[in-house]
Amino acid sequence: MRPELVQIDAFTDRPFRGNPAAVCALDRAPTEEWMQELAREMNLSETAFLVPVGPTDGEPPRGVAIWSLRWFTPRVEVDLSGHATLAAAHYLFEHRGITAPVLRFLTRSGELTASRGSDGWIELDLPADPTRPADPPHGVIDALGISGQVVDVAAGAQNLVLELASPEQVRAVEPDMTALGQTDAAGVIVTSVGEGLYDLVSRFFAPRLGIPEDPVTGSAHCTLAAYWAPRLGKTELLARQVSARGGELRVVLRGERVTLAGQAVTVFKARLADVSLPPHRRSTTRRSRGAPDDPASP
């Protein structure tokens, strides 16, 4: 059967809000080249690729709860994508009828899990990204146009955090994406304390990765959880990403792990045309940490 391709808006309960991700469900592992080409074709911040772990014959059984999961931007493969993981879990629960209470994903960031709460929100278990004081790379402040507005600077493993004084300042940021893409900062989070019900607000920019502004970024909140929890004196946070599309996340810091909860909405489902099918051969890519020797049948 031709692979299914679904576009899902993550971290929202309404279509055309939150962060769109493509989910491609396959019965065998394709090549990196094929996945990168499809991600470039979709031209979203991330496209997720799902392959059931273990031997399968056609459609995977309803009880399968272990999947190989990889994420590609239009330009590169990334180690973690929270919104595309949420989209993948939503797809499996809603469109594949997976009945297992917990989904397990084998990824480049180790094993991740997803479960559905009683209120319908999907909870993801992801690695925390501890932050440390840092100096911003040369050119970042000017590229963002926030000279004189920065309250604090920190860095995680992948993301730079720039704290501003207010949500209004965060919303007003208008980056020079060309200049920002020429700096040494791969992912840049601009954030402040929240307003109303929200503990924090943020925006995320990663032009070096092919993502000028990401509408709602799950992985960035693994960094923001570690940054804001000690400053606010609480480990359970309600976050709002204040991009044009916007999105809402429940964030819980649990030591070295972060629970992110959100909603998702399917926008469309399709099947790839025959000319778009992946090649019939095993991927020769490096195995994900925690993955078995043969994560998918050819």
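Because the structure is a prediction, the values reported are computed rather than measured. (Residues numbered from 1 in each chain as written. Predicted model: local features only at pLDDT ≥ 70, side-chain atom pairs only at ≥ 80, totals over all residues. Heavy atoms only, no water.)

As for the environment of Arg 75
Okay, so step 1: For Arg 75, the position within the fold is in the loop between strand S4 (66-72) and strand S5 (77-78).
Okay, so step 2: In this structure, Arg 75 is in contact with Gln 36, Pro 207, Arg 208, Leu 209 and Gly 210, ignoring residues within four places of it in sequence.
Okay, so step 3: A polar contact is formed between the side chain of Arg 75 and the backbone oxygen of Pro 207, at a distance of 3.3 Å. (Helix = DSSP H or I, 4+ residues; strand = E, 2+ residues; numbered from the N terminus. Contact = heavy atoms within 4.5 Å. Polar contact = N/O pair within 3.5 Å; in protein donor to acceptor, adjacent residues only side chain to side chain.)

Overview of the environment of Ser 109
Okay, so step 1: Counting through the fold element by element, Ser 109 comes out in the loop between strand S6 (102-107) and strand S7 (110-116).
Okay, so step 2: In the structure, Ser 109 is positioned 29 residues away from Leu 80 in sequence and 6.3 Å away in space, judged by C-alpha atoms.
Okay, so step 3: Within the local environment of Ser 109, its side chain forms a polar contact with the backbone oxygen of Asp 79, the two atoms lying 2.6 Å apart.

Some thoughts on helix H2 (residues 82-95)
Okay, so step 1: Its 14 residues give H2 an end-to-end C-alpha distance of 19 Å, which sits within 8% of 20 Å, the value for a rise of 1.5 Å per residue.
Okay, so step 2: Most of H2 sits inside the fold, with 12 of its 14 residues counted as buried.
Okay, so step 3: Within H2, burial applies to Gly 82, His 83, Ala 84, Thr 85, Leu 86, Ala 87, Ala 88, Ala 89, His 90, Tyr 91, Leu 92 and Phe 93.
Okay, so step 4: Gly 97 sits one or two positions beyond H2 and adopts a positive phi of about 65 degrees. (Expected span 1.5 Å × (residues − 1). Buried < 20%, exposed > 50% of the residue type's maximum accessible area, 1.4 Å probe, protein only.)

Side note on unusual backbone geometry
Okay, so step 1: One non-glycine residue, Phe 16, lies in the positive phi region at around 70 degrees.
Okay, so step 2: Tracing the backbone through its elements, the reader meets Phe 16 in the loop between strand S1 (4-10) and strand S2 (19-25).
Okay, so step 3: For Phe 16, a relative accessible area of 57% gives the class exposed.
Okay, so step 4: With phi around 55 degrees, Asn 43 is a residue other than glycine that occupies positive phi space.
Okay, so step 5: You can see Asn 43 is positioned in the loop between helix H1 (32-42) and strand S3 (47-52).

A few points about the side chain of Glu 46
Okay, so step 1: Residue position: Glu 46 is located in the loop between H1 and S3.
Okay, so step 2: Buried within the structure, Glu 46 lacks any salt-bridge partner; Arg 108 is the closest side chain of opposite charge, at an N-O distance of 11 Å.
Okay, so step 3: Only 3.4 Å separates the side chain of Glu 46 from the side chain of Ser 45, close enough to count as a polar contact.
Okay, so step 4: For Glu 46, the contacting residues outside a window of four places in its chain are Ala 21, Ala 22, Trp 71, Phe 72, Thr 73, Val 78, Ser 81, His 83, Ala 84 and Ile 211. (Lys, Arg positive; Asp, Glu negative; His and termini not counted. Salt bridge = Lys/Arg side-chain N within 4 Å of Asp/Glu carboxyl O.)

Describing the confidence of the model for the protein chain
In low-pLDDT segments, the atomic positions of the prediction should not be examined closely.
Okay, so step 1: On average, residues of the protein chain score 91 in pLDDT, and 90% of them are at 70 or above.
Okay, so step 2: Note on residues 283-298: pLDDT is under 50 here. Beyond four places in sequence and across chains, it has 35 contacts. (pLDDT = per-residue confidence, 0-100.)

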